[in-house]
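Chains, contacts and geometry: an overview
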Amino acid sequence: MVLAISLEKGAKAKVECPYCHRPKVFRRYLVNGNLVHDTVGICDRKDNCGVSLTPSQYALSIGRRLSDIAGEPIKPLIPKEREPLAVVLPPSIIDKKIVTATSIDVRGCCNLRNYFYSIVIGDENIWKEYQIGVGKEYETIFWQIDVDGNARSGKIIQYKDGKRIKGEGVQAARWVHNEMKLKDFNLEQVFFGINRVKPKDVVVIVESEKTAILLSCMMSQKDELAYEICKAMTGGHHDLSTVKIVSSGFSGGVASELHHKAITKNKDLIGHEVYLCPDISQEANWDAAADLMAKYFSIQSEMIPISPENIQKYDLQKGDDLFDLFWKVWNERISNRQKEKELCKSS
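Residues numbered from 1 in each chain as written. Predicted model: local features only at pLDDT ≥ 70, side-chain atom pairs only at ≥ 80, totals over all residues. Heavy atoms only, no water.

**So, helix α8 (residues 224–234)**
Formally: Working definition: with a 1.4 Å probe on protein chains only, accessible area under 20% of the residue-type maximum means buried, over 50% means exposed, and in between means partly exposed. For the purposes of this entry, the term helix denotes a DSSP run of H or I that reaches at least four residues, the term strand denotes a run of E that reaches at least two, and both are numbered from the N terminus. The arc in question is the one traced by the directions running from the helix axis out to the C-beta atoms. A 3.5 Å cut-off defines polar contacts: any pair of N or O atoms within that distance qualifies, except that in protein one atom must be a possible hydrogen donor and the other a possible acceptor, and neighbouring residues in sequence count only when both atoms are side-chain atoms.
Burial in α8 covers these residues: Leu225, Ala226, Ile229, Cys230, Met233 and Thr234. Projection of α8 onto a plane perpendicular to its axis shows the buried side chains occupying an angular sector of 155 degrees, all on one side. The residue sitting at the N-terminus of α8 and contributing the capping side-chain oxygen is Asp223; that oxygen lies 3.2 Å from the backbone nitrogen of Leu225.

**What about the nonpolar core?**
The condition that has to hold: Think of a nonpolar core as a cluster: buried Ala, Val, Leu, Ile, Met, Phe, Trp, Tyr and Cys residues, connected wherever their side-chain atoms sit within 4.5 Å.
In this structure, Trp127, Ile132, Ile213, Met233, Ile245 and Phe326 are the most contacted members of the largest nonpolar core, which totals 45 residues. Sorting the residues of this core by element identifies α4 (111–118), α5 (124–129), β11 (202–206), α7 (209–219), α8, β12 (243–247) and α12 (322–346) as the ones contributing at least two each. Among the elements that make up this core, the one with the highest residue count is α7 (seven residues).

**Description of helix α10 (residues 283–297)**
Each full turn of the α-helix corresponds to 3.6 residues, which orients residues three or four apart in the same direction. We apply this condition: To estimate the expected span of a helix, count its residues, drop one, and scale the result by 1.5 Å.
Under the 1.5 Å per step criterion, the end-to-end length of α10 is 21 Å for 15 residues, consistent within 8% with the ideal 21 Å. Among the residues of α10, Trp286, Ala289, Ala290, Leu292 and Met293 are the ones counted as buried. Angular distribution of buried residues about the axis of α10 spans 160 degrees; they occupy a single face of the element. Facing away from the buried side of α10, by more than 90 degrees, are the exposed residues Ala284, Asp291 and Lys295. Just downstream of α10, Ser298 is the residue with a positive phi angle, here 55 degrees.

**Details of the pairing of strand β7 (residues 151–157)**
To be explicit about the condition: Two strands pair under a simple rule: DSSP has to find at least two bridges between them.
For β7, a buried count of seven out of seven residues is recorded, marking the element as mostly surrounded by other parts of the structure. Where strand β6 (residues 140–145) and β7 come together, six bridges link them in antiparallel fashion. When the sheet's bridge partners are listed, Gln144 is paired in β7 with Ser153. In sequence, β6 turns back onto β7 through a hairpin of five residues, with Gly149 there showing a positive phi of about 85 degrees. Of the pairings in the sheet, the one linking β7 to strand β10 (residues 174–175) comprises two bridges and is antiparallel in character. Note that in β10 the partner of Lys155 across the bridge is Trp175.

**Quick notes on unusual backbone geometry**
In the Ramachandran plot, Asp161 falls in the positive-phi region, its phi being about 55 degrees despite a non-glycine side chain. Tracing the sequence through the fold places Asp161 in the loop between β8 (159–160) and β9 (163–164). A relative accessible area of 54% means that Asp161 is categorised as exposed. Positioned with a positive phi, Asp315 is a non-glycine residue whose angle comes to about 50 degrees. Tracing the chain through its elements places Asp315 in the loop between α11 (308–313) and α12.

**Digging into the packing of aromatic side chains**
Convention followed: The aromatic pairing rule takes the rings of Phe, Tyr and Trp, using the six-membered ring of Trp, and pairs them if the centres are within 6.5 Å, calling planes under 30 degrees apart stacked, those over 60 edge-to-face and the rest tilted. Whether a charge sits over a ring depends on NZ of Lys or CZ of Arg being within 6 Å of the ring centre and within 35 degrees of the ring normal.
Under the defined criterion, the tally for this structure stands at seven aromatic pairs. When the ring of Phe323 is compared with that of Trp327, the centres are 5.9 Å apart and the planes differ by 20 degrees; the resulting orientation is stacked. Of this pair, Phe323 and Trp327 both sit in helix α12, four residues apart, roughly one helical turn. A cation over a ring is seen here: Arg196 above Tyr130, with NZ or CZ 4.5 Å from the ring centre. The residue whose ring lies beneath Lys265 is Phe191, and the NZ or CZ to ring-centre distance is 4.7 Å.

Rendered as structure tokens:
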């Protein structure tokens, strides 16, 4: 049986993307005129989402032949007509010389690092362990370094006063391989910060790369607040030195993408104690992520959401995360210390 693969066409062909949830940007694949699955298609937002899941990749990820899910009865094929097995391409990598050339040692400080160093949240070793890069306009480059030390690519984000620059005409994030115009680049993402994880480490997963870095910097102080952060992330007291924070790098959790590339990145978590720390209001998506990790890799994880008491006490909003919480705790303590000093001077 010959399989005709195409994308939906027509004025209503584009639907909400199941990965980034933007409306009218996702076109689904058809096999012999039938939809394969709502998650099988292409998102137009190449820089900010970039999902491209083919029917063959989907069939491979669920362990079935493409013809089995084509919506038509299966007929035996004679050998010469038998379709080839789906080929999984190896992940592309960026030359290590490029990563080194963007390092803090070579280019100096990025805007994000400058800002947080100015308010005494910084640890040189943490920034270097994450291998943070610096763009030409002092943007932050979040290199995704795999467990073998290879750079899969880097996400480029510009910050001002510690916050991502947003607005019309401003890309929320860009990818190094797109900026370099590398042809046939096969991006297979890994968790940002997975290169820091050692065999017996406890892994905490947050959504934002910025959150991963800055909470790690706070924890490196090994003070009372550091232990409170550790307890909030793991639900108990772990050795600070064995807790490593990584970032999923996209909204919606660890593996809300059901395609091959997103599922396979979770293999790096096998053998680790794993905690999930979702942004406020994203708990349901991260529940789905936990189910996928358990299904495909037998990885048991525990979700530790921000407590309703802290949400109310610190006036946290939808989309806020652990960094937003402890940033407010940090500032509250600095303010209290300042008040104490003023009282001492006046007494």
